[in-house]
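# Commentary on secondary and tertiary structure
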Amino acid sequence: MITLRIRHRTAYRYRLPVRLGPHRLMLRPRESRALRLIASDIAVTPAATVTWAHDVFGNAVATATFRTMTDHLMIDSVAELQLDEPAWPVFDIAATAIIYPFRYCDDEWTDLGALATLQYPDPDGRLRDWARGFVRSRPTDTLALLKDLSIGVSAWIGYQSREDEGTQSPVQTLDRGWGSCRDLAVLFAEAARSLGFGARIVSGYLYNPDEQRTGSAGPGSTHAWAEVYVPGAGWISFDPTNRGVGGFNLVPVAVARDIRQAMPVVGSFLGMTDAFLGMRVDVRVDA
């Protein structure tokens, strides 16, 4: 078990005072059996009214609303938590799902719904054919297949940090041969769906104390990965950027069908078209 302190600061600057629209904040770590949240606080400048709710996925979502015009916005989140995930997890997969292909039970298939449905156009079946290349035989071992798929993503796609907004489609990532952690996570999840699995995107933090893992320039950073639902074991974390399985160094904040639903900060402003000067994000993850 490790105790972590995460500080996530997002700062916006404007040339002239602007009127801020509501901002949706997804910054509170997602509690579970393996993650115990000790404290969590969000401070917003200028002063805002902050309300809380849970979205359709059970994520904690804060909404900040503002009354005054401003030329800057600072969102400062601090969380302390205990993470108790094994570095080498053993997954108790149900006997009916150890071998692929398998069939989800009717209730699981209904509840997975859109999480088991392709989210991006693939008219020529390129993603499907690429994913099927990792199926060594039929039948084959389910967990081995998913591990091969995760490793295959990082073998085919080079990691490259991207500051611009949005996410590449899986086919774009295959064409370009490079992508950010969110691009790799989306490619893996969509490829798993094409093979009949239920998958979801996870947004959160990477704990990287030895600074050896990809996607972080320091001991920690924001990060994106994916989870696949396997009967018996439940949701298994796969980090294709680092070829990781399990969540011993991952702090989830939000799970979603699409990466757009799990962005840490989303908002708008009313002002001159050239009012926006810049944005800066600083993240620290320390033991």
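The paragraphs below set out a description of the structure included in this document. It should be emphasised that the depicted structure is a prediction, and the values quoted were computed from it without experimental measurement.

Attention now moves to the overall build of the protein. Of regular secondary structure, the protein possesses five helices and 18 strands. Relative to the 2.2 N^0.38 estimate, which gives 19 Å for 287 residues, the radius of gyration of the protein is 20 Å and therefore close to what a compact globule would have. Along the first, second and third principal axes, the C-alpha set of the protein runs to 60 × 45 × 40 Å. When burial is assessed residue by residue, the protein has 49% of its 287 residues classed as buried. In the protein, the share of contacts with a sequence separation of at least 24, taken over all contacts with a separation of at least 6, comes to 74%. Carbon together with sulfur atoms contributes 51% to the accessible area of the protein, which is approximately 14,200 Å² in total. Side-chain charges in the protein split into 30 positive and 32 negative, and the spacing between the mean points of these groups amounts to 3 Å.

The subject of this paragraph is the packing of aromatic side chains. With the rule as written, the count across this model stands at 12 aromatic pairs. Considering the side-chain rings of Phe188 and Phe238, the 5.3 Å spacing of their centres and the 40° angle between planes classify their relative orientation as tilted. Placement of Phe188 in helix α5 (residues 181-194) and of Phe238 in strand β13 (residues 234-239) is noted, with a sequence separation of 50 residues between them. Phe238 shares its class with Phe188; the two are buried. Feature note: the residues Tyr100, Phe102, Tyr104, Trp109, Phe197, Tyr229 and Trp235 constitute an aromatic cluster, connected by ring pairs. Cation over ring: Arg200 sits above Trp235, and NZ or CZ is 4.0 Å from the ring centre.

Attention now moves to the nonpolar core. In this structure, Trp130, Leu149, Leu195, Phe197 and Val228 are the most contacted members of the largest nonpolar core, which totals 41 residues. Going through the elements one at a time, α2 (126-132), α3 (142-156), α5, β11 (198-207), β12 (220-230) and β13 are the ones with two or more residues in this core. By residue number, the principal contributor to this core is α5, which donates nine residues. Counting residues in hydrophobic clusters, the runner-up holds 33 residues, among them Leu4, Leu73, Ala256 and Ala275.

Take a nonpolar patch on the surface next. Among the surface-exposed residues, Phe276, Met279 and Val281 lie close enough to one another that they form a single nonpolar patch of about 260 Å² accessible area. Looking at where Val281 falls in the secondary structure, it is placed in strand β18 (residues 276-286).

Scoring rules and cut-offs
Residues numbered from 1 in each chain as written. Predicted model: local features only at pLDDT ≥ 70, side-chain atom pairs only at ≥ 80, totals over all residues. Heavy atoms only, no water. Helix = DSSP H or I, 4+ residues; strand = E, 2+ residues; numbered from the N terminus. Rg over C-alpha atoms; globule rule 2.2 N^0.38 Å. Buried < 20%, exposed > 50% of the residue type's maximum accessible area, 1.4 Å probe, protein only. Contact = heavy atoms within 4.5 Å. Areas by Shrake-Rupley, 256 points an atom, 1.4 Å probe, with all protein chains shown as cover. Lys, Arg positive; Asp, Glu negative; His and termini not counted. Charge placed at Lys NZ, Arg CZ, Asp CG, Glu CD. Phe/Tyr/Trp six-rings, centres within 6.5 Å; stacked < 30°, edge-to-face > 60°. Lys NZ or Arg CZ within 6 Å of the ring centre and 35° of its normal. Core = buried A, V, L, I, M, F, W, Y, C linked by side-chain atoms within 4.5 Å. Patch = residues over 30% accessible without salt bridge, like charges linked within 9 Å, V, L, I, M, F, W, Y side chains within 5 Å. Salt bridge = Lys/Arg side-chain N within 4 Å of Asp/Glu carboxyl O.

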